[in-house]
Amino acid sequence: MKIALLDSGIGLLAAAAAVRRARPDADLVLSSDPGGMPWGPRTADDITGRALACARAAARYGPDALIVACNTASVHALPVLRAELEPAVPVVGTVPAVKPAAAGGGSVAVWATPATTGSPYQRRLIADFGGGAEITEVPCHGLADAVESGDTRAVDAAVAAAAALTPRGVRAVVLGCTHYELVADRIRAALAAEGAPGPALYGSAAAVAAQALRRTGLAPDPQAAPTGGLTVLLGGRPAGLPRPARSYAEGRLLAEAGSGAVRAAG
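Residues numbered from 1 in each chain as written. Predicted model: local features only at pLDDT ≥ 70, side-chain atom pairs only at ≥ 80, totals over all residues. Heavy atoms only, no water.

A. Broad picture of the sheet that holds strand 5 (residues 107–112). A sheet is described by the order of its strands in space; here four strands give the open sequence 6-5-7-8, paired in parallel fashion. Edge positions in the open sheet fall to strand 6 (134–139) and strand 8 (200–202), since each of these has one partner strand only. Mean inter-strand twist for the sheet, computed between neighbouring axes without regard to direction, equals 25°. Bridge analysis of strand 5 against strand 6 gives six bridges, and the strand direction is parallel. Bridge pairing in strand 6 links Ala109 to Thr136. (Pairing = 2+ DSSP bridges. Helix = DSSP H or I, 4+ residues; strand = E, 2+ residues; numbered from the N terminus. Axes fitted to C-alpha atoms, helices over the stretch in contact; angles between N-to-C directions.)

In structure tokens:
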């Protein structure tokens, strides 16, 4: 089994690690566009073109499913990607976890990029799935870029700025950008009141990994032999895992799985 993932940068690590934990025997193809990152401020047509290029590069390796591990690309490019690749390759998009986060009511914050915050897409999600929760949209200036670079000081500064915009005592926080899941512990710590564990965080990685497995017709098997390989494509070209990726537990898991070495595509 082979699962491909695409994103502008290393935000795809969270979903890739979720697939790896569920199926250690699955080969993974990670296709990203570091030269074009971030995608958020770009036009819809530009985002679609870049996502399509990443998808085509990954498709050359014969994946059984493709995860669009990027909220922005899922909004703008999903119909085009599905039109080109399906039914041969099922395409699974990423949607911020507003529905499960709002199910318990109370105060909920949606952390997202400035380009996504207040967008018609996010407002529709909140209207459709927010239920009775009191939802606050929080723009996270510079957080995705800081995560991408692996700069912990910049991450902490961006997290602190977003935390200052988040209502006190918030019950749940939706991580509306896949990059944010890589620093979930820092986000939770920044939002925790003294002596309290902090709010529940809702990401999308586990859900999209599970959906990709369902679309391939295979069940999770965390005890499978850890034989899955890793192919890394940067701008469509074979490469190793980017150095900042190893700053995060998800990146280290991918790098160390199986034989303990990242296999670049040949």
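B. Quick peek at the side chain of Ser32. With respect to the element layout, Ser32 can be found in strand 2 (residues 27–32). With a relative accessible area of 8%, Ser32 lands in the buried category. (Buried < 20%, exposed > 50% of the residue type's maximum accessible area, 1.4 Å probe, protein only.)

C. Quick look at unusual backbone geometry. Here the amide bond leading from Met37 into Pro38 is cis, since omega sits at 5°, within 30 degrees of zero. By the element assignment, Pro38 lies in the loop between strand 2 and helix 2 (44–59). Residue Pro87 is bonded to the preceding Glu86 through a cis peptide linkage, with omega at 5°. On the secondary structure map, Pro87 appears in the loop between helix 3 (71–85) and strand 4 (91–92).

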